[in-house]
Amino acid sequence: MAKEKTLEDLFHDTLKDIYYAERKILKALPKMARAASSPDLKAAFQKHKDETEVHVERLQQVFELMGKRAQGKTCDAIEGIVSEGEEIIESFKGTAAIDAGLISAAQAVEHYEIARYGTLKRWAEVLGLNDAATLLDQTLSEESKTDEALTGLADASANEIAKAA
Ligand SMILES: [Fe+2]
Ligand SMILES: [Fe+2]
């Protein structure tokens, strides 16, 4: 019979997944900022890069609270989402549609993070890891705010600029 696995194992595996993903995102955001046309979108990517550095640190704290070494595990989902973003940069760089495309790519990243942090926060609560739940909730709320800010930038100009050209 397979060795019994528990919610704590799921929590630990998923923590490794998002730790890998956050470090991948940290490398992708400067490229997205460089590719963006509007100064507001460039600034939004730069701001979220700074926040993402803190997300990595918070995850390291969660590993520490569990008495585990901070360790990533290849996340195929983020690899795919980031490579689709790179395709958008390649296909649309320098065109009027680039910012709308970058926003769509960034929102796919944020939604992945929101899914992961929403689950991890709940699992931390169930496991009685209250300090971990607080850290995960702080990041979750920054991911949600980023998602909303991106929607705001799309509505304010990026979609219209892309449409009008
Ligand atoms: Fe993040
Ligand atoms: Fe994010």
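What you see is a predicted model, and the numbers here were worked out from it, not measured in a lab. (Residues numbered from 1 in each chain as written. Chains lettered and ligands numbered in written order. Predicted model: local features only at pLDDT ≥ 70, side-chain atom pairs only at ≥ 80, totals over all residues. Heavy atoms only, no water.)

K.L.:
What is the right way to look at the pattern of salt bridges in this model?
P.N.:
A pair can form between side chains of opposite charge whenever their charged atoms are brought close. Under the definition given, this model contains six salt bridges. In this structure, K31 engages E86 in a salt bridge whose closest nitrogen and oxygen atoms are separated by 3.8 Å. Separated by 55 residues along the polypeptide, K31 in helix 1 (residues 7-35) and E86 in helix 3 (residues 76-92) bring together distant segments of the chain. According to the relative accessible area criterion, K31 is partly exposed, its value standing at 39%. Among the residues examined, E86 registers a relative accessible area of 35% and is labelled partly exposed. (Salt bridge = Lys/Arg side-chain N within 4 Å of Asp/Glu carboxyl O. Helix = DSSP H or I, 4+ residues; strand = E, 2+ residues; numbered from the N terminus. Buried < 20%, exposed > 50% of the residue type's maximum accessible area, 1.4 Å probe, protein only.)

K.L.:
Can you walk me through helix 3 in this structure?
P.N.:
Working note: α-helix, 3.6 residues per turn, so residues spaced by three or four point in the same direction. Between its first and last C-alpha, helix 3 extends 24 Å over 17 residues, near the 24 Å set by a 1.5 Å rise per residue. If you follow the buried residues of helix 3, they end up packed against helix 1 and helix 4 (98-126). (Expected span 1.5 Å × (residues − 1). Contact = heavy atoms within 4.5 Å.)

K.L.:
Explanation requested: the coordination of the iron ion (ligand 1) in the structure shown.
P.N.:
Ideal geometry at a metal centre: 109.5 degrees between donors when four sit tetrahedrally, and 90 or 180 degrees when six sit octahedrally. Coordination of the iron ion (ligand 1) by the protein involves E22 (OE), E22 (OE), H55 (ND1), E113 (OE) and E143 (OE), with metal-donor separations of 2.1 to 2.4 Å. Taken in chain order, the donor set of the iron ion (ligand 1) reads E-x32-H-x57-E-x29-E. Separating the iron ion (ligand 1) and the iron ion (ligand 2) is a distance of 3.4 Å, and E113 donates to both of them. Of this pair, E22 sits in helix 1 while H55 sits in helix 2 (residues 39-65), and the two are 33 residues apart along the sequence. (Donors = N, O, S within 2.8 Å, 3.2 Å for Na, K, Ca; no water.)

K.L.:
Hey, could you run me through the nonpolar core in this one?
P.N.:
Membership of the largest hydrophobic core comes to 43 residues, with the highest contact counts inside it found for F45 and L102. Mapped by element, the contributors of at least two residues to this core are helix 1, helix 2, helix 3, helix 4 and helix 5 (130-164). Ranked by the residues each element gives to this core, the list is headed by helix 1, at eleven residues. The residues contacting F45, other than those within four sequence positions of it, are L29, M32, A33, A36, L102, A106 and L150. (Core = buried A, V, L, I, M, F, W, Y, C linked by side-chain atoms within 4.5 Å.)

K.L.:
I would appreciate a short explanation of the packing of aromatic side chains in the present structure.
P.N.:
Think of a pair of aromatic rings as described by two things: how far the centres are apart, and how the planes are tilted against each other in angle. This model, assessed by the stated rule, comprises one aromatic pair. Ring centres of Y19 and F63 lie 5.4 Å apart, and the angle between their planes is 75°; on these two criteria the pair is classed as edge-to-face. You can see Y19 sitting in helix 1 and its partner F63 sitting in helix 2, a full 44 residues away along the chain. When its relative accessible area of 5% is taken as the criterion, Y19 is described as buried. (Phe/Tyr/Trp six-rings, centres within 6.5 Å; stacked < 30°, edge-to-face > 60°.)

K.L.:
Could you clarify how one ought to interpret the packing of helix 1 against helix 4 in this entry?
P.N.:
The angle between the axes and the distance between the axes are what describe a pair of packed helices. Taken N-terminus to C-terminus, the directions of helix 1 and helix 4 make an angle of 160°; their axes are 10 Å apart at the nearest point. When the axes of helix 1 and helix 4 are compared, the pair comes out roughly antiparallel. Taken as a pair, helix 1 and helix 4 cross one another with a handedness that is left-handed. Among the residues making up the contact of helix 1 with helix 4, the classes are represented as 20 nonpolar, one polar and four charged. (Axes fitted to C-alpha atoms, helices over the stretch in contact; angles between N-to-C directions. Parallel < 35°, antiparallel > 145°, perpendicular 65-115°, else oblique. Left-handed = near helix turned anticlockwise from the far one by under 90°. Nonpolar A, V, L, I, M, F, W, Y, C, P; charged D, E, K, R; others polar.)

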